[in-house]
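# Secondary and tertiary structure notes
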Amino acid sequence: MVEGGIAPIDRTELTEFFRTVWKTPYILRLALTAGIGGLLFGYDTGVISGALLYIRDDFESVDKHTWLQELIVSMAVGAAIFGAAIGAWMNDSMGRKKTILTADMLFFLGSIVMAAAPVPAVIVVGRVFVGLGVGMASMTAPLYISEASPARIRGALISMNGLLITFGQFLSYCINLIFTKVPGTWRWMLGVAGIPPIVQIILMLSLPESPRWLYKQNKIAEATEALAKIYTADEVEKELELLKTSIEESEAVEASIGNNFFSKFKSAMKNTAVRRALLAGVTVQIVQQFVGINTVMYYSPSIMQLAGYASKVVALGLSLVTAGLNCVGSIISLLFVDRYVFYNSAQHAPDIDNFESNHFGSNTTCSAYISVPDTSKWNCMTCLKKKCGFCSSAGDEGGQHRVWYDKGCPSKLGFLAVILLAAYIIVYSPGMGTVPWIVNAEVYPLKYRGFGGGVAAMSNWSANLVVSMTFLSLTQALGSSGTFLLYAGCSFIGLIAIYFVVPETKELPLEAIEKMLVKGFRPWPLKRKEKENTDVVSA
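Along each chain, residues carry numbers from 1 onward, in the same order as the chain's sequence is written. The model is predicted, so local features are restricted to residues of pLDDT at least 70 and side-chain atom pairs to those at 80 or more, both for listing and for counting; the totals for chains, interfaces and linings are taken over all residues. Excluded from the side-chain calculations are hydrogens and water; all other atoms, namely the structure's heavy atoms, are used.

Only DSSP runs of H or I reaching four residues or more are called helices, and only runs of E reaching two or more are called strands; each is numbered from the N terminus. Each helix and strand counted, the chain has 25 helices and two strands in total. Each residue's exposure class comes from its accessible area (1.4 Å probe, protein chains only) as a fraction of the maximum for that residue type: buried when under 20%, exposed when over 50%, partly exposed otherwise. Here the chain, with 539 residues, has 51% of them falling under the buried criterion. Working definition of accessibility: Shrake-Rupley area with a 1.4 Å probe, residue cover restricted to the visible protein chains. Accessible surface, the chain as shown: approximately 25100 Å² in total, 64% of it carbon and sulfur.

Right, let's talk about the side chain of Ser74 for a bit. Inspection of the secondary structure assignment puts Ser74 in helix α4 (residues 66-93). Pairs of N or O atoms within 3.5 Å make up the polar contacts considered here, provided that, within protein, one atom can donate a hydrogen while the other can accept it, and that residues adjacent in sequence are counted only when both atoms are side-chain atoms. One polar contact links the side chain of Ser74 to the main-chain carbonyl oxygen of Glu70, over a distance of 2.6 Å. Among residues more than four places away in sequence, those in contact with Ser74 are Leu465, Ser468 and Met469. Residues count as neighbours in contact if any of their non-hydrogen atoms are within 4.5 Å of one another.

This brings us to the pattern of salt bridges. Here, a salt bridge means any Lys or Arg side-chain nitrogen found within 4 Å of an Asp or Glu carboxyl oxygen. As enumerated under the stated definition, the model contains four salt bridges in all. With a shortest N-O distance of 2.8 Å, Glu60 and Lys64 are connected by a salt bridge. Taken together, the residues Glu60 and Lys64, both in helix α3 (residues 60-64) and four residues apart, mark about one turn of the helix. Residue class for Glu60 comes out exposed when judged on its relative accessible area of 54%.

This paragraph deals with the confidence of the model for the chain. Close inspection of predicted coordinates is inappropriate in any region flagged by low pLDDT. One confidence number per residue, pLDDT, is output by the predictor and ranges from 0 to 100. Confidence in the prediction for the chain averages 76 pLDDT; 71% of positions are at 70 or higher. No element of the chain has a lower mean pLDDT than helix α17 (residues 331-347), at 43, and none a higher one than helix α5 (residues 96-115), at 94. The low-confidence segment residues 395-399 (pLDDT under 50) makes two contacts with residues lying over four places distant or belonging to another chain. Across residues 532-539 the pLDDT falls below 50, and counting only partners more than four positions away or on other chains, this stretch makes zero contacts in the model.

In this structure, Asn460 sits in helix α23 (residues 449-501). A relative accessible area of 0% places Asn460 in the buried class. Between the C-alpha atoms of Asn460 and Pro436, which are 24 residues apart in sequence, the distance is 9.8 Å.

Between 30 and 60 degrees the pair is tilted, below 30 it is stacked and above 60 it is edge-to-face, where a pair is any two Phe, Tyr or Trp rings, Trp via its six-membered ring, whose centres lie within 6.5 Å. Going through the model one piece at a time under the given rule, you end up with seven aromatic pairs. Note on Phe471 and Phe484: the rings are 6.3 Å apart at their centroids and 80° apart in plane angle, and the pair reads as edge-to-face. With respect to burial, Phe471 and Phe484 carry one shared label: buried. Their ring planes at 90° and their centres at 5.2 Å tell us that Tyr499 and Phe500 sit as a pair that is edge-to-face. Within the aromatic cluster, the residues linked to one another by ring pairs are Phe471, Phe484 and Tyr487.

A word on helix α11 (residues 220-228). Restricting attention to buried positions, one finds in α11 the residues Ala223, Ala226 and Leu227. All buried residues of α11 fall inside an arc of 100° around its axis, so they share one side. Exposed residues on α11 whose side chains face more than 90 degrees from its buried face are Ala221 and Glu225. Where α11 is buried, its residues contact α10 (211-216) and α12 (233-257). Directions drawn from the helix axis to the C-beta atoms are what define this arc.

Moving on to a negative patch on the surface. Residues enter patches when they are more than 30% accessible in relative terms and free of salt bridges; like-charged ones are connected within 9 Å and nonpolar ones (Val, Leu, Ile, Met, Phe, Trp, Tyr) within 5 Å. His is not counted here, nor are the chain ends, while Lys and Arg score as positive and Asp and Glu score as negative. Charge positions are represented by NZ for Lys, CZ for Arg, CG for Asp and CD for Glu. Together, Glu237, Glu241, Glu248, Glu249, Glu251 and Glu254 give the surface a local cluster of negative charge. Turning to its location among the elements, Glu254 is positioned in helix α12. For Glu254, a relative accessible area of 30% translates into the label partly exposed.

Let's shift gears to the nonpolar core. Think of a nonpolar core as a cluster: buried Ala, Val, Leu, Ile, Met, Phe, Trp, Tyr and Cys residues, connected wherever their side-chain atoms sit within 4.5 Å. Within the largest apolar cluster, 65 residues are counted, with the highest numbers of intra-cluster contacts made by Ile55, Ile123, Trp186, Leu190 and Tyr299. For the purposes of this description, domain bounds are those given by an automatic or database domain assignment. A domain split of this core shows at least three residues from each of domain 1 (21-207) and domain 2 (260-338 + 378-391 + 404-524). Leaving out residues up to four positions away in the same chain, Leu190 has contacts with Val47, Ile48, Ala51, Ile55, Ser111 and Met114. In this structure, Trp213, Ala223, Val236 and Leu240 belong to the second largest nonpolar core, which totals 28 residues.

This part covers the packing of α5 against helix α6 (residues 120-147). For the pair α5 and α6, the least separation of the axes is 8 Å and the interaxial angle reads 155°. As summarised for this structure, α5 and α6 are arranged roughly antiparallel, according to the angle between their axes. Two packed elements cross with a definite hand, and for α5 against α6 that hand is left-handed. To get an axis, fit a line to the C-alpha atoms, keeping to the stretch in contact for a helix; angles then go from 0 to 180 degrees between the N-to-C directions. Just so you know how the angles are binned, under 35 degrees is roughly parallel, over 145 roughly antiparallel, 65 to 115 roughly perpendicular, and the rest oblique. For any helix crossing, the convention is left-handed if the near helix is rotated counterclockwise from the far helix by under a right angle, and right-handed if that rotation is clockwise.

For the rest of this paragraph, the subject is unusual backbone geometry. Although it is not a glycine, Asn218 adopts a positive phi angle of roughly 65°. Mapped onto the elements, Asn218 comes out in the loop between α10 and α11.

Time to look at the side chain of Thr45. Along the chain, Thr45 turns up in helix α2 (residues 25-58). Within polar-contact distance, the side chain of Thr45 engages the side chain of Gln169 at 3.5 Å. Ignoring any residue separated from it by four or fewer positions in sequence, one finds Thr45 in contact with Gln169 and Tyr298.

Structural data, given as structure tokens:
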């Protein structure tokens, strides 16, 4: 998964959440309305995985060129990087509400463009519009929720936005499965995404702007009116004072470190604690992507085909397992599990029947197969490497129920891909799925927190782009097992990097974290060696 994550909620905050929304339903309405942006974020990043199977059928150029498939998938991620930057600017200059409405228009436009696309290039253009919307929504939806909700349940409401992202991805797989038998298949899959933004536009028009933004624009009366909808009369005055203090502190920070990226970056590089915090924050975000989790989310049905499930419907149905468990992936499963399935599928690929192959005739048999004098050592995997396909009769003597394999080979081990991908996602959740966002929320000194979090999120998107843009090419160059072995290697390197550069922040106050970063973080055995040297000097 990308930007956001799902923050943990303690029992007290959860109890307070239910008590507050029961008493003031308006708060839940506000959070759910803004959370539609998270739903769209999840849907548009997940729907392409299934739609791609059918886009390949309609456009021969997409089926033949792996780079074009990767471009269609990853263009939304690339555009999201720019969308996040544009969203950050719009949030300050135009307000959170108008930014969400702009993202909705981009979502809607992108969905219509993709659904009506006559050529693959138009699908790419539609993905750009959707990606811009994703980037803007990922920045703005949690910001709007946090600023327009009571502080005591803010964490729970922001986590709900994260859950909606996950639900959006699961929903996209369900929608994909529903439209597999409908004429137009992928056009419906992509076009349905145009409905939620219309709903959000209608609902958002009746909601106020963020109280914080209104107050900062000196619209005190409107800010007071917005606060009155979520706080009691006694609490409104207190919240206004807190807003005033917070904005004054924010303006003081801008005066000290600047209000643009370059001035903030220059100031951050002069600060030892911030440099080390950025190293830790960026490292965990890059590792989160390089363990390969988004290959599962963006290419899950294709992975099922590589594992030996030729049917698109079956591949999509099995992918629901990974989508349903989507709290993101795991280092350990990648290292010991996924590559084993694909390696064994390749090693035990069924052999070629020479008589059956020639029976089809020279016009339908792979030209590479015909031109080779000795084909006794050929099997299904050899055919696929030669850009041909394999026709399996599934043990049927009459050959009436043949299945065509052109992505992966039939294998008795294919079911393991489903089980182990599910395990991969389950064990990822408590670690790399959540911790990078927690680290980035805690590790930066207060006045650099917004800047540090932005840089780390941009690193996450950029690493996501690299992974999504190269996965299919890697499977062609290295094979499926080799590709997952590469991700396992990245996981191992990431494990070492995290151990040495990311400090433990559990139960430490923010001031203590900053002091630790200034002093320098040294894990075992460096910490132990340092202690021994100190003992020698003391003696």
